[in-house]
Amino acid sequence: MPTTLDADVALIHIAGGEARVTAPPGTLAQTPPRRTARGRAEDMFFLTLGIHGVKPVSPGLTDHLAQLASDSFYGTPGSVTAALRQAVEEINDNLLDANQSPAESRHLEGRLMAAVLRGSDLFLAQSGVGQAILVRPGQVTRLTSEEAASRPLGLTATPHVRYHHIEAHSGDLVILTTAPPPGWSDPTLSGLSGLEPDRALDRLVAASTTDLTGILLRVSEPGAAPIAAQADVAQTAHPVTPIAGGDRGHAARPSRPGAVPGLRHTQARPARRPQPKP
């Protein structure tokens, strides 16, 4: 019987050499909603999205496009790659419409890194600049595509998507970012092996020389005990706005760095799948 793995999540938002207290725009960690298209019920969806233009881009726009991509992914039946492509096309179409508006030429370009964890399979997708980094004991693997980096979203009707597939193992650390490679050195990344996401994030912040955003996942066994739970998430200064529909299971914008509303909150932010009732 195939192994079903979970993920502990930390969101990456680094500016001025420090971790920001606000969550990075365009970043989602999503467990399957109650209602999904055929084939999506076992898929955990992770996305980091960056939008750039001739003028500063509102974080609200980036968040909105990320949510549309999540809706599109879970609403598309069939293979994981087909659903990922539909999510990418949703963002691309919206950027194309904005760029072709006669009222204002915004010249928006998008870059994204997405991941789907199903069972023990990890599927990755890149459009525009970005990279996925897999850290295992004694091994650092960077997955990136120069062709995808040269073809950002929002410029052509058909987006270019580069896919990768990995057989995930418990303990794997995966970093998704739209920052260009290399970012962190191999020795720095090797030192993250075996660390909880919070400690790994602290080391990434200390080693960062540029501003960047992303998401960090630690693949874990189902039902593994989380780190000590925190109860302060609901008391933060920026409460989460509920998503319309209520039962769709979307991870709304976190109001504390790394906290993922809609998922069980701990320091390590486990993205646990719903457990069957006894």
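Thresholds, definitions, all that
- In this convention, every chain numbers its residues from 1, walking through the sequence in written order.
- At least 70 in pLDDT is required for a residue's local features to be given in this predicted model, at least 80 for side-chain atom pairs to be given and counted, and no such filter applies to totals for whole chains, interfaces and linings, which use all residues.
- Derived side-chain values reflect all non-hydrogen atoms in the structure, with water molecules and hydrogen atoms excluded from consideration.
- Here a strand is any run of E in DSSP of at least two residues, a helix any run of H or I of at least four, and the numbering for each starts at the N terminus.
- Burial classification: accessible surface area is computed with a 1.4 Å probe over protein chains only, and a residue below 20% of its type maximum counts as buried, one above 50% as exposed, and the rest as partly exposed.
- Here, Shrake-Rupley sampling with a 1.4 Å probe gives the accessible areas, and only protein chains in the shown set may cover a residue.
- When DSSP locates at least two bridges between a pair of strands, those strands are taken to pair.
- All axes are obtained by fitting lines to C-alpha atoms, using only the stretch in contact for helices, and the reported angles, taken between N-to-C directions, cover 0 to 180 degrees.
- Working definition: a ring pair exists when centres of Phe, Tyr or Trp rings (six-membered ring for Trp) sit within 6.5 Å. Plane angles under 30 degrees give stacked, over 60 give edge-to-face, the rest tilted.
- In this scheme the handedness of a crossing depends on how the near helix is turned from the far one: anticlockwise by less than a right angle means left-handed, clockwise means right-handed.
- Residue contacts are counted whenever heavy atoms from the two residues lie within 4.5 Å of one another.
- Residue polarity follows a fixed list, in which Ala, Val, Leu, Ile, Met, Phe, Trp, Tyr, Cys and Pro are nonpolar, Asp, Glu, Lys and Arg are charged, and the others, Gly among them, are polar.
- Nonpolar cores are built from buried Ala, Val, Leu, Ile, Met, Phe, Trp, Tyr and Cys residues. Side-chain atoms within 4.5 Å join them into one set.
- pLDDT expresses how confident the predictor is about each individual residue, on a scale running from 0 to 100.
- Criterion for a salt bridge: a side-chain nitrogen of Lys or Arg within 4 Å of a carboxyl oxygen of Asp or Glu.

Let us now look at the overall build of the protein chain. When helices and strands are counted, the protein chain shows five helices and 12 strands. Across the 278 residues of the protein chain, 50% fall into the buried class. In the structure as shown, the protein chain presents an accessible area of about 12700 Å², 53% of it carried by carbon and sulfur atoms.

Attention now goes to the sheet that holds strand 5 (residues 109–118). The five strands lie next to each other as 3-4-5-6-9, forming an open sheet whose pairing is antiparallel. Both edges of this open sheet fall to strand 3 (27–30) and strand 9 (162–167), since each of them pairs with a single strand only. Ignoring strand direction, the axes of neighbouring strands in this sheet form an average angle of 10 degrees. Pairing analysis gives six bridges linking strand 6 (residues 121–127) to strand 9, with the strands arranged antiparallel. Counted as the bridge partner of Leu 124 is His 164 from strand 9.

With that out of the way, let us pick up the packing of aromatic side chains. Aromatic ring pairs are described here by two measures, namely the spacing of the ring centres and the angle between the planes. Using the criterion set out here, one finds three aromatic pairs in the structure. With centroids separated by 4.7 Å and ring planes inclined at 15 degrees, the aromatic side chains of Phe 45 and Phe 73 adopt a geometry described as stacked. Within this pair, whereas Phe 45 is found in strand 4 (residues 44–52), its partner Phe 73 is found in helix 1 (residues 59–74), the two being separated by 28 residues in sequence. There is no split in this pair, since Phe 45 and Phe 73 are both buried.

With that out of the way, let us pick up the packing of helix 1 against helix 2 (residues 80–99). In contact at an axis separation of 8 Å, helix 1 and helix 2 are set at 145 degrees when each is read in the N-to-C sense. In this structure, helix 1 meets helix 2 at a crossing whose hand is right-handed. Contacts from Leu 65, Leu 68, Ala 69, Ser 72 and Phe 73 of helix 1 reach helix 2 at Val 80, Ala 83, Leu 84, Gln 86, Ala 87, Glu 90, Ile 91, Asn 94 and Leu 95. Its residues assigned to classes, the contact of helix 1 with helix 2 comprises 10 nonpolar, three polar and one charged.

This paragraph deals with the nonpolar core. Judged by nonpolar contacts, the single largest core of 27 residues is most densely connected at Phe 45, Leu 47, Phe 73, Leu 84, Ile 91 and Leu 112. Breaking this core down by element, the ones donating at least two residues are strand 4, helix 1, helix 2, strand 5 and strand 6. The element contributing the most residues to this core is helix 2, with eight residues. Setting aside anything within four residues of it in sequence, one finds Leu 112 in contact with Leu 47, Thr 48, Leu 49, Val 88, Ile 91, Ala 125, Gln 126, Ser 127, Leu 153 and Thr 178.

Let us now look at the confidence of the model for the protein chain. Per-residue pLDDT for the protein chain has a mean of 81; in total, 78% of the residues score no lower than 70. The low-confidence segment residues 225–270, where pLDDT is below 50, has 99 contacts with residues more than four positions distant or belonging to other chains.

Now for the pattern of salt bridges. With the rule as written, the count across this model stands at eight salt bridges. The closest approach of N and O atoms between Asp 43 and Arg 40, which form a salt bridge, is 2.8 Å. Neither Asp 43 nor Arg 40 differs from the other in exposure class; each is buried. A salt bridge links Arg 118 to Asp 43; its shortest N-O distance comes to 2.7 Å. Within this pair, whereas Arg 118 is found in strand 5, its partner Asp 43 is found in the loop between strand 3 and strand 4, the two being separated by 75 residues in sequence. Note on Arg 118: relative accessible area 28%, which makes it partly exposed. By relative accessible area, which is 0% here, Asp 43 ends up buried. Within the structure, one salt-bridge network assembled from shared partners comprises Asp 8, Glu 196 and Arg 218.

Let's shift gears to the side chain of Thr 48. Tracing the sequence through the fold places Thr 48 in strand 4. Apart from the residues lying within four places of it in its own chain, the contact partners of Thr 48 are Gly 26, Thr 27, Arg 111, Leu 112, Met 113, Leu 176, Thr 177, Thr 178, Thr 213 and Gly 214.

Our focus in this paragraph is the environment of Gly 214. Position of Gly 214 relative to the elements: it lies in strand 11 (residues 212–220). With relative accessibility at 0%, the residue Gly 214 sits in the buried group. Residues Gly 214 and Leu 47, 167 residues apart in the sequence, show an inter-C-alpha distance of 8.3 Å. Each residue touching Gly 214, except ones within four places of it in the same chain, is listed here: Leu 11, Ile 12, Pro 24, Thr 27, Thr 48, Leu 176 and Thr 177.

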